[in-house]
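# Descriptive structure summary
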Amino acid sequence: MHSGYVDPLLKSQAMQLTKSVKLNDPCGQRLSSVGFTSTELLAVMAMIAILAGLLLPVLARAKSQARRVQCINNQRQLFLAWALYADDHDDRLVPNGHAPVTAFGQLCIKLWVTGDSHFFAPAFTNEDFLLDPHLAAFASYLQSAATFKCPEDRSLYRDPFPPFIESTRAKIRSYSLNCFLGWAVDPKELTPNYEVFLKTSDLVSPAKLFTFQDVHPDSICYPAFMVYMPEKMEGFFHYPSSLHNRCGILTFADGHAETHKWTDPRTMPPVSGSVLMHWDTEPDNADLTWIRARTTCRTPTPP
Ligand SMILES: [Zn+2]
Ligand SMILES: [Zn+2]
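The following paragraphs examine the structure supplied in this document. Residue positions within a chain follow its written sequence, with the count starting from 1. Here the convention is simple: chains get letters from A, ligands get numbers from 1, in the order in which they are written. Only residues with pLDDT of at least 70 are given local features in this predicted model, and only at 80 or more are side-chain atom pairs given and counted; all residues enter the totals for whole chains, interfaces and linings.

## Thoughts on the overall build of the protein chain
Note the cut-off: Where helices and strands are cited, they refer to DSSP runs of H or I of at least four residues and of E of at least two residues respectively, numbered from the N terminus. Here a residue counts as buried when 20 or more other C-beta atoms sit within 10 Å of its C-beta, as exposed when there are 12 or fewer, and as partly exposed otherwise, the C-beta atoms being derived from the backbone. Each residue is represented by a C-beta atom placed from its backbone, and any two residues with such atoms within 7 Å are regarded as in contact.
Counting its secondary structure elements, the protein chain contains 5 helices and 7 strands. Secondary structure elements of the protein chain, listed N to C terminal, follow the sequence α-α-α-α-β-β-β-β-β-β-β-α. A burial count over the protein chain gives 31% of its 303 residues as buried. Within the protein chain, contacts between residues separated by at least 24 positions form 66% of all contacts whose residues are at least 6 apart in sequence.

## Regarding the sheet that holds strand 4 (residues 210–214)
Convention followed: Only when DSSP finds a minimum of two bridges between them are two strands counted as paired. Lines fitted to the C-alpha atoms define the axes, with helices restricted to the stretch that makes contact. Angles between their N-to-C directions range from 0 to 180 degrees.
The strand order across the open sheet formed by 5 strands is 5-3-4-6-7, and the pairing between neighbours is mixed. Among the strands making up the open sheet, the edge pair consists of strand 5 (224–225) and strand 7 (257–261). The pairing of strand 6 (residues 247–252) with strand 7 spans 5 bridges and is classified as antiparallel. From the neighbouring strand, leucine 250 faces strand 7, where its bridge partner is glutamate 258. Against the sheet, helix 2 (residues 38–88) touches strand 3 (175–178), strand 4, strand 6 and strand 7, its axis set at about 25 degrees to strand 6.

## Some points on unusual backbone geometry
Not every positive phi belongs to a glycine, and aspartate 91 is a case in point at roughly 80 degrees. Tracing the backbone shows aspartate 91 in the loop between helix 2 and helix 3 (122–125).

## Details of the pairing of strand 3
With 3 bridges joining them, strand 3 and strand 4 adopt antiparallel strand pairing. For serine 176, the partnering residue across the bridge sits in strand 4 and is glutamine 213. Judged from the 2 bridges that link them, strand 3 and strand 5 form a sheet pairing that is parallel. Across the sheet, leucine 177 pairs through a bridge with alanine 224, a residue of strand 5.

## A word on the nonpolar core
This is how it is decided: Throughout this description, the term nonpolar core refers to a group of buried Ala, Val, Leu, Ile, Met, Phe, Trp, Tyr and Cys residues whose C-beta atoms join them within 7 Å.
Within the largest apolar cluster, 45 residues are counted, with the highest numbers of intra-cluster contacts made by Trp112 and Cys179. At the level of secondary structure, the elements contributing two or more residues to this core comprise helix 2, helix 3, helix 4 (128–131), strand 3, strand 5 and helix 5 (286–292). A total of 4 residues in this core trace back to one element, the largest contributor, which is helix 2. When residues no more than four places from it in sequence are discounted, the contact partners of tryptophan 112 are Val94, Pro95, Asn96, Ala136, Ala137, Phe138, Leu177 and Pro223.

## Comments concerning helix 2
As a reminder of what qualifies: A helix is expected to reach a length of 1.5 Å times the quantity of its residues less one.
Look at helix 2: 73 Å from first C-alpha to last across 51 residues, which is about the 75 Å you get at 1.5 Å a residue. Along helix 2, the residues that are buried comprise Cys71, Asn74, Gln75, Leu78, Phe79, Trp82 and Tyr85. If you follow the buried residues of helix 2, they end up packed against strand 3, strand 4, strand 6 and strand 7. Just downstream of helix 2 lies aspartate 90, where phi reads positive at about 55 degrees.

## Observations concerning the environment of cysteine 150
You can see cysteine 150 is positioned in the loop between helix 4 and strand 1 (156–158). Among the residues examined, cysteine 150 registers 24 C-beta atoms within 10 Å and is labelled buried. C-alpha separation for the pair cysteine 150 and aspartate 214, spaced 64 residues apart in sequence, amounts to 7.2 Å. Beyond its immediate stretch of four places on either side in the chain, cysteine 150 contacts Cys71, Asn74, Ser174, Asp214, Ser241 and Leu243.

## Topic: the environment of proline 133
Inspection of the secondary structure puts proline 133 in the loop between helix 4 and strand 1. Remark: the alpha-carbon pair of proline 133 and glutamine 143, spanning 10 residues in sequence, is separated by 9.8 Å. With sequence-adjacent residues up to four places away left out, proline 133 is seen in contact with Ala139 and Ser140.

The structure is reproduced here in structure tokens:
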């Protein structure tokens, strides 16, 4: 037999032995446990990905729930200011509607906050229109601009004139007050033959009258949330916000708050930054019917 010849069986046994010696220390423990093999690393990474997949939606839900609670808290504070104002003013509801500032810097009428059409730009970005006692009746009760802003609303003010430049400034207000509560400007702007409540003692079924609600960021303009009642037009003047997972948040004249899920896709146009029209017809919109039922009631006809 040639001296260099190695029996293949012997060679394979020797290789097995070498492998086993490499993998085991003198106490018989696996050396490979000191680090990760690529298979183990992949398994750990897969596990992390699965855990992240499970936890991230839970975290996102928790965050959106926190923003919803914050929005309810904001509206509760607005409601308290609204109730305190009436208490301090012989039961009269805080003036509501819309009004610009004149060219001489004077206010036509002091509403709960100052605001007007989309063309009255300062009211969208200048906090004085919320917090200055000369410009806002609520300024005596609320001194934090954050109270007026829904945490889901991240919209920026965009110039309504061509070339429609978007400013880098966030809009300062997300909420409006039911136009049939304390309406203080031209009554012809409201649908006739519906109650306009001017005192708290006049309120009929306060639990079914909304006070404040989140407004769609592309729709908000007046401090009043305008609602066309059936005889006026079949459509929204102001669109409600659906930023809370397709829900709106409203507070009512008895102080309770509701999170209401909208059902009609026409109620929830995506936020684009351009102004939503105030006269789009939307027949048979169940969400509009729901809001109307919580806005006012018909004026009783005299016997
Ligand atoms: Zn909100
Ligand atoms: Zn508008």
